[in-house]
Amino acid sequence: LFLRAQRRPSLRESPPRSRDLPAMATNPYANFTVRDRCTMEDMARETGWTLGYDVGLPAKQLFNIIYGTVIYIILCCVIHLIFLQKGIPAPAASDIFLRRLAKSKEFWYRVTFFVLTVVWGTFNLERSCQSCWEEVDDQCGNWRLMFWYGLALIISSNISSRPIEFYMGEGVSYMQTWRFYFRGKPLPTTAEIDAIATGQSAEVREGNVRFWTLMPSVFITWIFAKSIFNSANLGGMYGMWGGVAYASWYVSFFTAGIVCYLLRVRFGHKSMSSAVYKNYGVVGILFYSICICFRLFNEIWSNATVIGSFYGSSGSSGYWGACWLSTLIPTVYVMMGGMRASLFSDVFQALFAVVFLIVVLSAIGTDKTFTDNTDAFSYMPAEGWHDDGWWACFVGGVMQGVLSYPFFDPVLTDRGFLGTPKTMLLSFTVGGVIAALFIFLYAVIGIYGTYYHEYFARSDVCGCNGGLPKAPSALCPTDWNPCSRLSSTNGDSAFAAWVLGHQTTPVIEVFMNFIMITASMSTLDSTFTSWAKLVSLEFGGWLKLAGDNRSFLGPLRPSDIRNIGEKHL
């Protein structure tokens, strides 16, 4: 890959023609039109490395991400040295607006990152996402979405350097930051923030984790990309009852909320791990932590692979490029801000997910081929549903949701110890209802995909066989090939999004991808936040790192701010 990344296209007077390529008898692009920007080498790389029609992220662009990161680090070092050399103090409320910005190192770090990413990233994105053949569908819309969405998340993320911010999500709010820079209002002091977070202040001030911060975070954190994928698949197998079956796992919200409330109010615990350690000792917390590690690892790969399926076939360059990039973006902003960054991004991601699900369901309602023949609640495949086993899935989900499932997911239980106990319980209740409804409605996507899977395979429509229409009728589309991506899984959400984009408007496929990216990144940022707490506090509490002033060893709690030092962070 490194050697391939270093090769540069040779200069030429005119673009090559497809018929100039070798081995034309086996070249699938023989009659396609070549884009002017492509060289023979570009085309050979696409037909070989990226596996046929798939258009992914070339190795050169992956190396460009590394080059860009190195350049950014160097520029940040230059900014830091300038501030040190000139002795520039921190901005004060008494400064004028422009002076407050000029004296903020963080402001210059963000501006530098934005300019470098826009100039460097946009250029490389546009040169890497398009196929060399005009007739081949590319993923440029999806790549642009991930690029700009990831940039917005990173550029707006908090930078947390104190335990109370990184682990508990407390600290200076965005409104307080806005008022400081634009209205000259003083920021709260460190002592004031510490008093709020540790419960030493009777006054509930702005900046605390409240309902409208915690509830959206709880809701969107458990809307995994894999959960959406599973709901669509179950919808394709059992209809809307499949959505009911998968929503049964979301009883976990109520179970976790009640248990965390009792642990906090009745027993005074500040984290799930401290409760396990106190009641079951060293062996109990050791095996509990191992189970959590396994759970967190599963959440990473399961969400990443779902995103990859929207960018290419499994194993292709587009698939792996999307898996890595969709994982790298939340990694960056969680390293910057921890729980504080995760909570803030979750609020907007929850809003986006709900709005775009409404857009997608409305688009399905405008597809006359679907709505004139059936609807999501009455559709029945010609061969019937998979079986009548949805109820077994439902019972299993309720049992797991009540007895075990929520307690082994720190993504959920970590939030059970944020905010006040009453705010937390209300957030879990409302967020759980919204999340279950969201997952239930997503079964419509699977039903839509199942309908068209059967529709295009019919002999009186396209008669799809081997990726091509064998007996196309007047009902079979002529401006695109509906058989080329006919999924083997009836409820495949990526296939449903692709069909919906062609049946309505192409932007709808991007909206569907936006929902999946939002669900994936909101889960991944919470996963990395929980992983950071698990490693640095719950494992690190046994290592007696600098700053830990306790007279005993054991897992640290996020609220133990007097025993958490820089080494833990």
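Residues numbered from 1 in each chain as written. Predicted model: local features only at pLDDT ≥ 70, side-chain atom pairs only at ≥ 80, totals over all residues. Heavy atoms only, no water.

A. Summary view of the overall build of the chain. Looking only at helices and strands, the chain features 21 helices and two strands. Expressed as a percentage of its 569 residues, the buried residues of the chain come to 51%. Relative to all contacts within the chain whose residues are 6 or more apart in sequence, the contacts with residues 24 or more apart total 74%. Carbon and sulfur atoms make up 65% of the accessible area of the chain, which amounts to about 26,500 Å² in all. (Helix = DSSP H or I, 4+ residues; strand = E, 2+ residues; numbered from the N terminus. Buried < 20%, exposed > 50% of the residue type's maximum accessible area, 1.4 Å probe, protein only. Contact = heavy atoms within 4.5 Å. Areas by Shrake-Rupley, 256 points an atom, 1.4 Å probe, with all protein chains shown as cover.)

B. Expanded view of the packing of helix H14 (residues 272-308) against helix H21 (residues 507-539). Running from amino to carboxyl end, H14 crosses H21 at an angle of 150°, the nearest separation of the two axes being 10 Å. By the angle class used here, H14 and H21 are roughly antiparallel. Considering the relative orientation of H14 and H21, their crossing is left-handed. Along the lines of polarity and charge, the residues of the contact of H14 with H21 split into 15 nonpolar, seven polar and two charged. (Axes fitted to C-alpha atoms, helices over the stretch in contact; angles between N-to-C directions. Parallel < 35°, antiparallel > 145°, perpendicular 65-115°, else oblique. Left-handed = near helix turned anticlockwise from the far one by under 90°. Nonpolar A, V, L, I, M, F, W, Y, C, P; charged D, E, K, R; others polar.)

C. Layout of the nonpolar core. If you look at the biggest cluster of nonpolar residues, it comprises 118 residues, and the most contacted ones within it are Met-146, Ile-223, Ile-228, Tyr-250, Phe-438, Tyr-442 and Phe-456. In terms of residue count, the dominant contributor to this core is helix H19 (residues 421-457) (17 residues). Beyond its immediate sequence surroundings of up to four residues, Tyr-250 is in contact with Trp-222, Ile-223, Ser-227, Ala-435, Ala-436 and Ile-439. (Core = buried A, V, L, I, M, F, W, Y, C linked by side-chain atoms within 4.5 Å.)

D. Structural view of the packing of aromatic side chains. For the structure on display, the rule yields 39 aromatic pairs. Taking 4.9 Å as the distance between ring centres and 80° as the angle between the ring planes, the aromatic pair formed by Phe-180 and Tyr-181 counts as edge-to-face. Given the relative accessible area of 5%, Phe-180 is considered buried. A relative accessible area of 16% places Tyr-181 in the buried class. (Phe/Tyr/Trp six-rings, centres within 6.5 Å; stacked < 30°, edge-to-face > 60°.)

E. Inspection of a nonpolar patch on the surface at higher detail. Taken together, the side chains of Ile-66, Tyr-67, Val-70, Ile-74, Val-78, Ile-82 and Ile-88 make up a nonpolar region of the molecular surface, amounting to roughly 560 Å² of accessible area. For Ile-82, the position within the fold is in helix H3 (residues 59-86). Since its relative accessible area comes to 38%, Ile-82 is described here as partly exposed. (Patch = residues over 30% accessible without salt bridge, like charges linked within 9 Å, V, L, I, M, F, W, Y side chains within 5 Å. Salt bridge = Lys/Arg side-chain N within 4 Å of Asp/Glu carboxyl O.)

F. Seen up close, the packing of helix H13 (residues 252-265) against H19. Running from amino to carboxyl end, H13 crosses H19 at an angle of 175°, the nearest separation of the two axes being 9 Å. In terms of orientation, H13 lies roughly antiparallel with respect to H19. Contacts from Phe-253, Phe-254, Ala-256, Gly-257, Ile-258, Cys-260, Tyr-261, Arg-264 and Val-265 of H13 reach H19 at Pro-421, Lys-422, Met-424, Leu-425, Phe-428, Thr-429, Gly-431, Gly-432, Val-433 and Ala-435. Partitioning the contact of H13 with H19 into residue classes produces 13 nonpolar, four polar and two charged.

G. View of the pattern of salt bridges. Tallied over the full model, the rule gives ten salt bridges. Here Arg-110 and Glu-106 are joined by a salt bridge, their closest N and O atoms 2.6 Å apart. Taken together, the residues Arg-110 and Glu-106, both in helix H5 (residues 105-128) and four residues apart, mark about one turn of the helix. The class of Arg-110 is buried, set by a relative accessible area of 19%. In this structure Glu-106 comes out as partly exposed when scored by relative accessible area, which is 33%. Note that Asp-414 is salt-bridged to Lys-533, the shortest N-O span being 3.3 Å. Of this pair, Asp-414 sits in the loop between helix H18 (410-413) and H19 while Lys-533 sits in helix H21, and the two are 119 residues apart along the sequence.

H. Expanded view of the state of the cysteines. Scanning all chains against the criterion turns up two disulfides. In this model Cys-462 forms its disulfide with Cys-476; the gap between the sulfur atoms is 2.1 Å. Where Cys-462 bonds to Cys-476 through sulfur, the torsion about that S-S bond is close to 105°, and the disulfide is right-handed. In this pair, Cys-462 is assigned in the loop between H19 and strand S1 (464-465) and Cys-476 in the loop between strand S2 (468-469) and helix H20 (493-503), connecting sequence segments 14 residues apart. (Disulfide = S-S within 2.5 Å.)

I. Quick look at the side chain of Thr-327. Position of Thr-327 relative to the elements: it lies in helix H15 (residues 317-366). At 2.8 Å, the side chain of Thr-327 forms a polar contact with the backbone oxygen of Cys-323. (Polar contact = N/O pair within 3.5 Å; in protein donor to acceptor, adjacent residues only side chain to side chain.)

J. Seen up close, the side chain of Asn-158. Relative to the helices and strands, Asn-158 is located in the loop between helix H6 (140-155) and helix H7 (163-166). In contact with Asn-158, not counting residues within four places along its chain, are Arg-110, Val-172, Tyr-174, Met-336, Gly-337, Arg-340, Ala-341 and Phe-344.

K. Examining H13 more closely. A rise of 1.5 Å per residue sets the reference length of H13, with its 14 residues, at 20 Å; its end C-alpha atoms lie 20 Å apart and thus fit the reference within 8%. Regarding H13, the residues found buried are Ser-252, Phe-253, Thr-255, Ala-256, Gly-257, Cys-260, Leu-263 and Arg-264. Residues of H13 that are buried in the fold lie against helix H10 (211-221), H14, helix H17 (390-403), H18 and H19. (Expected span 1.5 Å × (residues − 1).)

L. Spatial organisation of unusual backbone geometry. The phi dihedral of Lys-544 falls on the positive side, at around 55°, and the residue is not glycine. Relative to the assigned elements, Lys-544 resides in the segment after H21.

M. A look at the environment of Glu-454. Note on placement: Glu-454 falls in helix H19. As for Glu-454 and Leu-486, which are separated by 32 residues in sequence, their C-alpha atoms are 9.6 Å apart. Among all residues touching Glu-454, those that are not within four sequence positions of it are Tyr-379, Pro-381, Ala-382 and Glu-383. Reaching out from Glu-454, the side chain makes a polar contact with the side chain of Tyr-379 at a distance of 3.1 Å.

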